[in-house]
Amino acid sequence: MSDPVNLNKFRKAKEKAGKEQRAKENRAKFGRTKAEKTLDQARTEKLKKLTDAHRHQDPGKEG
């Protein structure tokens, strides 16, 4: 016969592995430095200004 298995230890180990995986995903998703956020925001604003500047205005509609 094999040794008995403590199901509480197994359950807790499984929960811990799940929490570690979730933490890893959150670090990748939210773990950006302030400099990275600022740079991303500046790039977005520059792209928006560039696309707005190249927009064609309809001569029949103003505004």
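What counts, and at which threshold
Residues numbered from 1 in each chain as written. Predicted model: local features only at pLDDT ≥ 70, side-chain atom pairs only at ≥ 80, totals over all residues. Heavy atoms only, no water. Helix = DSSP H or I, 4+ residues; strand = E, 2+ residues; numbered from the N terminus. Rg over C-alpha atoms; globule rule 2.2 N^0.38 Å. Buried < 20%, exposed > 50% of the residue type's maximum accessible area, 1.4 Å probe, protein only. Areas by Shrake-Rupley, 256 points an atom, 1.4 Å probe, with all protein chains shown as cover. Lys, Arg positive; Asp, Glu negative; His and termini not counted. Charge placed at Lys NZ, Arg CZ, Asp CG, Glu CD. Patch = residues over 30% accessible without salt bridge, like charges linked within 9 Å, V, L, I, M, F, W, Y side chains within 5 Å. Salt bridge = Lys/Arg side-chain N within 4 Å of Asp/Glu carboxyl O. Expected span 1.5 Å × (residues − 1).

## Quick notes on the overall build of the chain
- A tally of regular secondary structure across the chain gives 2 helices and 0 strands.
- By the compact-globule yardstick of 11 Å for 63 residues, the chain is too spread out, its C-alpha radius of gyration being 26 Å.
- When the backbone C-alpha atoms are referred to their principal axes, the chain occupies close to 85 × 30 × 15 Å.
- Burial analysis of the chain (63 residues in total) assigns 0% to the buried set.
- When the accessible surface of the chain is totalled, it reaches about 6,900 Å², and 55% of it is carbon and sulfur.
- For the chain, the distance from the average position of its 19 positive side-chain charges to the average position of its 10 negative side-chain charges is 7 Å.

## Observations concerning the environment of Lys-49
- The residue Lys-49 is located in helix α2 (residues 34–53) in this model.
- Residue classification places Lys-49 among the exposed residues on the basis of a relative accessible area of 62%.
- Along the chain, Lys-49 and Arg-32 lie 17 residues apart, while their C-alpha atoms are 25 Å from each other.

## Some thoughts on a nonpolar patch on the surface
- Where nonpolar side chains cluster on the molecular surface, the patch consists of Val-5, Leu-7 and Phe-10 and spans about 360 Å² of accessible area.
- With respect to the secondary-structure elements, Phe-10 resides in helix α1 (residues 7–30).
- On the basis of relative accessibility, which here comes to 54%, the residue Phe-10 falls in the exposed class.

## What about the pattern of salt bridges?
- Under the counting rule described, the total for this entry stands at 3 salt bridges.
- The closest approach of N and O atoms between Arg-32 and Asp-40, which form a salt bridge, is 3.7 Å.
- Look at Asp-40 and you get partly exposed, because its relative accessible area is 38%.
- Across the pair Lys-48 and Asp-52 runs a salt bridge whose closest N-O atoms are separated by 3.7 Å.

## Some remarks on α1
- With 24 residues, α1 ought to run about 34 Å at 1.5 Å a step, and its terminal C-alpha atoms sit 34 Å apart, in line with that.
- Taking burial as the measure, the 24 residues of α1 include 0 buried ones, a minor fraction of the element.

## Describing the environment of Glu-36
- Note that Glu-36 resides in helix α2.
- Each C-alpha atom, one on Glu-36 and one on Asn-26, is 16 Å from the other, the two residues being 10 residues apart in sequence.

Without other data, these values stay purely geometric and don't point to any function.
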